[in-house]
Amino acid sequence: MDKQDSLTALAALSQETRLDVFRLLVTAGPQGLPAGDIAERLEARQNTMSTNLAILNRAGLITRQRDGRIVRYAANYEGMRGLINFLMMDCCRGAPEVVQPLAKSCA
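Residues numbered from 1 in each chain as written. Predicted model: local features only at pLDDT ≥ 70, side-chain atom pairs only at ≥ 80, totals over all residues. Heavy atoms only, no water.

S.K.: Please explain unusual backbone geometry as it appears in this structure.
M.R.: Where the residue is not glycine, phi is negative for most of them; where a peptide bond is considered, it is trans in most cases. At E43, a residue that is not glycine, the phi angle is positive and equals roughly 50°. As for its placement among the helices and strands, E43 is situated in the loop between α3 (35-41) and α4 (46-58). (Helix = DSSP H or I, 4+ residues; strand = E, 2+ residues; numbered from the N terminus.)

S.K.: Looking at this model, I keep getting lost on the side chain of S6. Mind explaining?
M.R.: Here S6 lies in helix α1 (residues 3-13). Look at S6 and you get buried, because its relative accessible area is 2%. Among residues more than four places away in sequence, those in contact with S6 are M1, L83 and F86. (Buried < 20%, exposed > 50% of the residue type's maximum accessible area, 1.4 Å probe, protein only. Contact = heavy atoms within 4.5 Å.)

S.K.: How should I be thinking about the sheet that holds strand β3 (residues 70-75) in this particular structure?
M.R.: Each strand in a sheet pairs with another by means of backbone hydrogen bonds, the pair being arranged parallel or else antiparallel. The three strands are arranged β1-β3-β2 in an open sheet whose pairing can be described as antiparallel. In this open sheet, the two edge strands, each paired with only one partner strand, are β1 (33-34) and β2 (62-67). Pairing analysis gives two bridges linking β1 to β3, with the strands arranged antiparallel. Bridged to L33 within β3 is Y73. Along the sheet, α4 makes contact with β2 and β3, crossing β2 at roughly 120°. (Pairing = 2+ DSSP bridges. Axes fitted to C-alpha atoms, helices over the stretch in contact; angles between N-to-C directions.)

S.K.: Looking at this structure, how should I read the nonpolar core?
M.R.: Nonpolar side chains tend toward joint burial in soluble globular proteins. Judged by nonpolar contacts, the single largest core of 22 residues is most densely connected at L25, I38, L53, L61 and Y73. Breaking this core down by element, the ones donating at least two residues are α1, α2 (16-28), α3, α4 and β3. The element best represented in this core is α2, accounting for five residues. Excluding residues within four positions of it along the chain, I38 makes contact with V21, L24, L25, L33, M49, L53 and Y73. (Core = buried A, V, L, I, M, F, W, Y, C linked by side-chain atoms within 4.5 Å.)

S.K.: I would appreciate a short explanation of the packing of α1 against helix α5 (residues 77-88) in the present structure.
M.R.: The description of two helices packed together rests on the angle between their axes and the distance between the axes. Look at α1 against α5: their axes get within 10 Å of each other, and the N-to-C directions meet at 115°. In terms of their interaxial angle, α1 and α5 are classed as roughly perpendicular. Once α1 is placed against α5, the crossing between them reads as left-handed. Seen from α1, the contacting residues are K3, S6, A9, L10 and L13; seen from α5, they are L83, F86 and L87. Here the residues of the contact of α1 with α5 sort into six nonpolar, one polar and one charged. (Parallel < 35°, antiparallel > 145°, perpendicular 65-115°, else oblique. Left-handed = near helix turned anticlockwise from the far one by under 90°. Nonpolar A, V, L, I, M, F, W, Y, C, P; charged D, E, K, R; others polar.)

See below:
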């Protein structure tokens with residue numbers, strides 16, 4: 001992930017509902033959730049949720065898959081890892097053991 005991609009991802013996560021959506025999808029696992037379920041669980045309007053899901057998808061933080069009439073969203077773990085790796089890339093020069101536990105948990 002480069003600087004511009006990281007800025008896009010961070011901007012997508014900088015809004016309360018989108019952060020809640022992302023955290024919900026990370027918790028849901030690789031199977032994800034239908035868009036309607038996401039809106040219902042977060043008590044959000046469908047059209048507002050659609051916009052937020054599109055922003056997260058464009059940022060590479062979630063994936064979208066159509067299954068007939070249902071659109072299912074899931075966390076993009078590769079995108080999440082890319083963002084975390086970008087943020088930690090130059091961390092702790094001379095003391096990598098500071099971030100090793102976090103890096104191992106993301107592997």
